[in-house]
Amino acid sequence: MLLRLLRQLNRAYGYAVFAIYLAAFGIAFLFVFIFPPATLAMLFISIFGLLFFNALGFVLRTIERRWNRARLAKGICPVCGAAALSSVIGHAGETRCGMCDACHDAQGAWIGSVAQESEPVQA
Ligand SMILES: [Zn+2]
């Protein structure tokens, strides 16, 4: 439940931050006419806010990766929860679920559903 919520938040994190900045722009635009120093303050807050949002995104991704690694180590798919259906593909330690086709790398990061690559044909 919590992992699913965290996963959805990580997928939409960039859009959420963009929406926050768009709303801040609208507020700052209104303050141009009401109280101009507030616009200047919001500008600097938003610039340094990028560092905060970048750090927060890193922390959220790290937590999700650790959670995914723990579940993958138990042989459970972090996305659908299917047990004993995960298979390791390739030499990079990528794991693909046979049930939902979700793919995770060795660090536990979600790669997404990837189509099975066909082997190159030797002529
Ligand atoms: Zn799965």
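What you are looking at is a predicted structure, and each value in this text was computed from that prediction instead of being measured. (Residues numbered from 1 in each chain as written. Predicted model: local features only at pLDDT ≥ 70, side-chain atom pairs only at ≥ 80, totals over all residues.)

**A few points about the overall build of the chain**
A tally of regular secondary structure across the chain gives three helices and four strands. Residue burial in the chain is summarised as follows: out of 123 residues, 11% are buried. In the chain, 28% of the contacts between residues at least 6 apart in sequence involve partners at least 24 apart. (Helix = DSSP H or I, 4+ residues; strand = E, 2+ residues; numbered from the N terminus. Buried ≥ 20, exposed ≤ 12 C-beta atoms within 10 Å, placed from the backbone. Contact = placed C-beta atoms within 7 Å.)

**Quick look at unusual backbone geometry**
Phi at D101 takes a positive value of approximately 70°, unusual for a residue other than glycine. Among the secondary structure elements, D101 is positioned in the loop between β2 (94-97) and β3 (102-104).

**Structural notes on the environment of Y13**
Tracing the chain through its elements places Y13 in helix α2 (residues 13-34). Residue Y13 is classed as partly exposed on the basis of its C-beta count, with 15 C-beta atoms lying within 10 Å. Sequence separation of Y13 and R61 is 48 residues, and the distance between their C-alpha atoms is 9.9 Å. Dropping the residues within four chain positions of it, Y13 is found in contact with G57 and L60.

**What to know about α2**
Counted at 1.5 Å a residue, the expected span for α2 with its 22 residues is 32 Å, and the 32 Å between its end C-alpha atoms agrees. The buried fraction of α2 is low, at zero of 22 residues. (Expected span 1.5 Å × (residues − 1).)

**A few points about the packing of helix α1 (residues 2-11) against helix α3 (residues 36-73)**
Two elements in contact, α1 and α3, have axes whose closest approach is 10 Å; the angle formed by their N-to-C orientations is 135°. For the element pair α1 / α3, the angle class is oblique. Crossing hand, α1 versus α3: left-handed. When α1 is examined against α3, the residues L3, L6, R7, L9 and N10 are found in contact with a partner set consisting of L60, R61, I63, E64 and W67. Classifying every residue of the contact of α1 with α3 gives six nonpolar, one polar and three charged. (Axes fitted to C-alpha atoms, helices over the stretch in contact; angles between N-to-C directions. Parallel < 35°, antiparallel > 145°, perpendicular 65-115°, else oblique. Left-handed = near helix turned anticlockwise from the far one by under 90°. Nonpolar A, V, L, I, M, F, W, Y, C, P; charged D, E, K, R; others polar.)

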